Amino acid sequence: MSNPSPSRWKEIFGELKRVLSKNWGYKLLSLLLAAVIWSVLIAQDPTITREKTINDVSVSVTGTDNMKRNGFVVTNDLSEQLKGVTIRSTVPQMQYHSVTAANYVPRIDLSRVNASGTQEVRILTTNSSTYGQVMEVTPATVRLEVEDYITRNRIPIVLETEGEVPEGWYITSSTVDPTMLTISGPRSVVESVVRAEALQDLSNVQASEGVQRYALPFRLVNAKGETVESDLIEITSLSVLIDSVLLEQTVYPTKMLDFSKIGVLVGEPAKGYEVKSVTYSPMQIRAAGKSDTLNNLDSLFSDATVDVSNASVSFSQTLRLRKPSELAYMSQDSLTITVEIGDIITEKTFTDVRIHATNVDGAVSAALDERYADLVTVTGPENWLNSLRGTQLLLTVDATGLTQEGKYELPVQCAISGDEGLEYTVKTSPATVTLNVRAR
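On a predicted model such as this, the values are computed, not experimentally measured, just so you know.

## Considerations on the overall build of the protein chain
Then comes step 1: The helix and strand tally for the protein chain stands at six helices and 33 strands.
Then comes step 2: The buried share of the protein chain, taken over its 440 residues, is 32%.
Then comes step 3: Counting contacts in the protein chain only where the partners sit at least 6 residues apart, residues at least 24 apart contribute 75% of the total.
Then comes step 4: Summed over its atoms, the accessible surface of the protein chain is roughly 26400 Å², and 50% of this surface lies on carbon and sulfur atoms.

Structure representation (structure tokens):
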């Protein structure tokens, strides 16, 4: 079909003019269509822009790993500085309502840090033809406190304990794995660490025979024993991040064992002496081992003996105990034996020993009905008695205060010369005698 001729176009526009001049509804519709067409044309034109301000922008932090590989780390908290960040940008009209701060990728690139100390780093953004240009970021920079990022190896792990193992049980020396740590972080923090401490509560040990394993948390401490804490420290073992160590221990039942006294004492004390008593300290030894071993074990032995040959005084001696190979533990590996040596106590008798009246008042006279004791028995140290003679015995009755005539039944007393420091007893027969007192 051919295009309309010029005259035909005039007729069409003339007809349209008459319609519009007579119909106001068509006039309004035309204006509305024109406005829509105009707005679409403006929206499609990227050169037509509007200014937009975006508040409370979220700023990402990138390049942290690269910065650490370069030997640096940021030690101050950036979160406060990154609050209330504002972006002012020119946005194409078409994207004005849909654009967000994320379209400009606001960020801090820490990989650019190349020195320690206080530094100012710009907040970076990305422009595009789609979302427009960033005119201003407020604040424009962030303050960084930067330290050297260092690594220290072979930080020892020390196991500390508290509490008591449940009664009747014993644990072998607990071991931790790993025994050494590697720590990385700010120089000021890392260099203050001297060791790691893991704390074991012994009261939590299970009352069950066998090997027990469980994870145990630890803490880093400085030379003063204070805890070193920092979110910037990385703790590793064999390049693996760790926050606990593996504790391993073996738990055994325990039993109180006596010391066998058979054959411990050998020899004979000196003449006139004997062993009075033997005491052992401690009286019993606490042993730990497998239950079947303990069930078959009642006593402990020593390879050594205690020689009392020619001993005349008490003494103490330490004996090492023989530890059966089946036992995992003994509370002591030795004990102390105290041997009390004393005189052999015996008795010796004397006959017809003269009795004397002593302390007789001068105004009276005194006479004994029995002037001799039939028998005097002295009980005391054997060596002394062997040398004791009858002439050393002095038997007396004491007439002190007896001034009236009469018969008095008085006890017989015995004094022995050369008895200083000796303990002995004397028995006389008769034990009492009659003393006749008369006026002169």
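Once you've had a look at it, read on.
## With respect to a negative patch on the surface
Then comes step 1: Judged by side-chain charge, Asp352, Asp369, Glu370, Asp374 and Glu409 come together as a negatively charged surface patch.
Then comes step 2: Here glutamate 409 is to be found in strand S30 (residues 406-411).

## Focus: the nonpolar core
Then comes step 1: Core analysis: the largest hydrophobic core is formed by 25 residues, its most contacted members being Ile108, Ile123 and Leu144.
Then comes step 2: Within the residue set of this core, elements represented by two or more residues are strand S3 (72-74), strand S4 (86-92), strand S7 (133-138) and strand S8 (141-162).
Then comes step 3: With three residues, S8 is the single largest residue contributor to this core.
Then comes step 4: Residues in contact with isoleucine 108, not counting those within four places in the same chain, are Val59, Ser60, Val61, Thr62, Leu82, Val121, Arg122, Ile123 and Val142.

## Things to note about the sheet that holds S4
Where strands meet in a sheet, backbone hydrogen bonds hold them as pairs that are either parallel or antiparallel.
Then comes step 1: Strand order in this open sheet of three strands is S1-S4-S7, and the pairing throughout is antiparallel. Every interior strand has two partners, whereas the edge strands, strand S1 (49-54) and S7, have only one. Taking each pair of neighbouring strands and ignoring which way they run, the sheet shows an average axis angle of 15°.
Then comes step 2: As paired elements, S4 and S7 share five bridges and run antiparallel to each other. Following the sheet pairing, threonine 86 is matched in S7 by threonine 138.

## As for the environment of valine 353
Then comes step 1: Counting through the fold element by element, valine 353 comes out in strand S26 (residues 345-358).
Then comes step 2: Note on valine 353: relative accessible area 8%, which makes it buried.
Then comes step 3: Separated by 21 residues in the primary sequence, valine 353 and aspartate 374 have C-alpha atoms spaced 6.9 Å apart.
Then comes step 4: In this view, valine 353 contacts Arg371, Tyr372, Ala373, Val376, Leu393 and Leu395; residues no more than four positions away in its chain are not counted.

## Some words on the sheet that holds strand S32 (residues 425-429)
Then comes step 1: In spatial order, the strands read S31-S29-S26-S28-S32; together these five strands make up an open sheet with mixed pairing. Of all the strands in the sheet, just strand S31 (413-416) and S32 have a single pairing partner and so form its edges. Across the sheet, the mean angle separating the axes of adjacent strands is 35° when strand polarity is ignored.
Then comes step 2: Looking at chain direction, S26 and strand S29 (residues 393-398) are connected through four bridges and run parallel. Bridge assignment links histidine 356 to a residue of S29, and that residue is threonine 396.

## Observations regarding the packing of aromatic side chains
Here a ring pair, both rings aromatic, is described through the centre-centre distance and the interplanar angle of the planes.
Then comes step 1: Per the counting criterion, the structure on display carries three aromatic pairs.
Then comes step 2: Centre to centre, the rings of tyrosine 170 and tyrosine 329 are 4.0 Å apart; their planes meet at 15°, and the pair counts as stacked. Pair noted here: tyrosine 170 is in strand S9 (residues 169-171) and tyrosine 329 is in strand S24 (residues 327-330), with a separation of 159 residues, a long-range link.
Then comes step 3: Measuring from centroid to centroid gives 5.6 Å for phenylalanine 259 and tyrosine 280, while their planes differ by 50°, and the two rings are tilted. Pair noted here: phenylalanine 259 is in strand S17 (residues 244-259) and tyrosine 280 is in strand S19 (residues 273-281), with a separation of 21 residues, a long-range link. Comparing phenylalanine 259 with tyrosine 280, the two get one shared label, buried.
Then comes step 4: Cation over ring: arginine 50 sits above tyrosine 96, and NZ or CZ is 4.0 Å from the ring centre.
Then comes step 5: Here lysine 261 stacks its cationic end above the ring of tyrosine 280, 5.0 Å away from the centre of that ring.

## Observations concerning the pairing of strand S12 (residues 195-201)
Then comes step 1: Judged from the six bridges that link them, S8 and S12 form a sheet pairing that is parallel. Bridging from a neighbouring strand, glutamate 160 pairs with leucine 199 of S12.
Then comes step 2: Taken together, the four bridges between S12 and strand S13 (residues 210-221) define a ladder with antiparallel strand orientation. Within S13, the position partnered with glutamate 197 by the bridge is arginine 219.

## Details of the pattern of salt bridges
Then comes step 1: Counted by the stated rule, this structure contains 15 salt bridges.
Then comes step 2: Between arginine 213 and glutamate 248 there is a salt bridge whose closest N-O contact spans 2.9 Å. Linking arginine 213 in strand S13 with glutamate 248 in strand S17, this pair joins segments that are 35 residues apart in sequence.
Then comes step 3: Residue class for glutamate 248 comes out partly exposed when judged on its relative accessible area of 32%.
Then comes step 4: Salt bridges sharing partners connect three or more residues here, namely Glu51, Arg88 and Glu136.

## Some thoughts on unusual backbone geometry
Then comes step 1: Residue proline 178 follows aspartate 177 across a cis peptide bond; omega there is 5°.
Then comes step 2: The topology assignment puts proline 178 in the loop between strand S10 (175-177) and strand S11 (180-186).
Then comes step 3: Proline 282 follows serine 281 through a cis peptide bond whose omega is 0°.
Then comes step 4: You can see proline 282 is positioned in the loop between S19 and strand S20 (284-289).

## Thoughts on the confidence of the model for the protein chain
Then comes step 1: On average, residues of the protein chain score 91 in pLDDT, and 90% of them are at 70 or above.
Then comes step 2: By mean pLDDT, the top-scoring element of the protein chain is S11 (97), and the lowest-scoring one is helix H2 (residues 24-43) (56).

## A short note on the pairing of S11
Then comes step 1: The buried fraction of S11 is high, at six of seven residues.
Then comes step 2: Relative to S11, S8 runs antiparallel, the two being bridged by six bridges. Paired with arginine 152 across the two strands is isoleucine 183, which belongs to S11.
Then comes step 3: Pairing geometry for S11 and strand S15 (residues 234-237), over three bridges, is antiparallel. Its bridge partner being in S15, threonine 182 is matched across the sheet by threonine 236.

Cut-offs used in this document
Residues numbered from 1 in each chain as written. Predicted model: local features only at pLDDT ≥ 70, side-chain atom pairs only at ≥ 80, totals over all residues. Heavy atoms only, no water. Helix = DSSP H or I, 4+ residues; strand = E, 2+ residues; numbered from the N terminus. Buried < 20%, exposed > 50% of the residue type's maximum accessible area, 1.4 Å probe, protein only. Contact = heavy atoms within 4.5 Å. Areas by Shrake-Rupley, 256 points an atom, 1.4 Å probe, with all protein chains shown as cover. Patch = residues over 30% accessible without salt bridge, like charges linked within 9 Å, V, L, I, M, F, W, Y side chains within 5 Å. Salt bridge = Lys/Arg side-chain N within 4 Å of Asp/Glu carboxyl O. Lys, Arg positive; Asp, Glu negative; His and termini not counted. Charge placed at Lys NZ, Arg CZ, Asp CG, Glu CD. Core = buried A, V, L, I, M, F, W, Y, C linked by side-chain atoms within 4.5 Å. Pairing = 2+ DSSP bridges. Axes fitted to C-alpha atoms, helices over the stretch in contact; angles between N-to-C directions. Phe/Tyr/Trp six-rings, centres within 6.5 Å; stacked < 30°, edge-to-face > 60°. Lys NZ or Arg CZ within 6 Å of the ring centre and 35° of its normal. pLDDT = per-residue confidence, 0-100.

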